[in-house]
Amino acid sequence: MPGLLHPLHEGHAPIILHNAFQDAIDALEDWELGSDEPQIDVNEKRVPISAVFRRLWTCTDILPARTLAVVEDLLPLRSAEFRIGSSTYADAAHSLWQLSLQKRAATNEIRQ
């Protein structure tokens with residue numbers, strides 16, 4: 001989605017991407033199997049949550065503790081990998097992107 005989501009600058013994301021990441025996490029939490037992948041509003045455009053996670057794959061910004069807590073809840077089997085003060089958006093983005101793909105695949109199986 002070139003041009004739709006702001007690019008990173010030397011590994012750092014603008015605040016709009018940090019906010020989009022949080023919105024994407026919230027939408028992932030609420031995603032019910034059998035329904036389409038959630039989309040969120042970014043710059044007055046609808047964006048699939050997986051695109052937000054993918055955009056932050058190389059973001060070196062440190063996750064806020066409140067965001068980290070939600071990520072750990074969503075990824076209990078991987079929670080030991082995350083650390084307050086050192087886990088980055090990239091660390092979480094990879095795992096959340098994979099989780100979104102798993103949910104999409106499960107939804108497709110339900111529909112077949």
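The preceding data block contains the structure.
Quick summary incoming for the structure in this document. Keep in mind it's a predicted model, so treat the numbers as computed, not measured.

### Quick notes on the packing of aromatic side chains
- Overall, the coordinates contain three aromatic pairs when judged by the stated rule.
- Taking 5.0 Å as the distance between ring centres and 75 degrees as the angle between the ring planes, the aromatic pair formed by Phe 21 and Tyr 89 counts as edge-to-face. Note that Phe 21 is positioned in helix α1 (residues 15–30) and Tyr 89 in helix α4 (residues 89–111), a separation of 68 residues in sequence. The pair formed by Phe 21 and Tyr 89 is uniform in burial state, with each residue classed as buried.
- Seen in terms of ring centroids, Trp 57 and Trp 97 are 5.0 Å apart; in terms of plane orientation they differ by 85 degrees. Their pairing is edge-to-face. Taken as a pair, Trp 57 in the loop between α2 (49–55) and α3 (65–74) and Trp 97 in helix α4 lie far apart in primary sequence, 40 residues in all.
- We classify Trp 97 as partly exposed; its relative accessible area is 24%.
- Taken together, the ring pairs in this structure connect Phe 21, Phe 53 and Tyr 89 into an aromatic cluster.

### With respect to α1
- Over its 16 residues, α1 extends 23 Å from the first C-alpha to the last, a length consistent with the 22 Å expected when each residue adds 1.5 Å.
- Of the positions making up α1, those classed as buried are Leu 17, His 18, Ala 20, Phe 21, Gln 22, Ala 24, Ile 25, Ala 27 and Leu 28.
- Its buried side turned inward, α1 meets β1 (39–42), α2, α3 and α4.

Cut-offs used in this document
Residues numbered from 1 in each chain as written. Predicted model: local features only at pLDDT ≥ 70, side-chain atom pairs only at ≥ 80, totals over all residues. Heavy atoms only, no water. Phe/Tyr/Trp six-rings, centres within 6.5 Å; stacked < 30°, edge-to-face > 60°. Helix = DSSP H or I, 4+ residues; strand = E, 2+ residues; numbered from the N terminus. Buried < 20%, exposed > 50% of the residue type's maximum accessible area, 1.4 Å probe, protein only. Expected span 1.5 Å × (residues − 1). Contact = heavy atoms within 4.5 Å.

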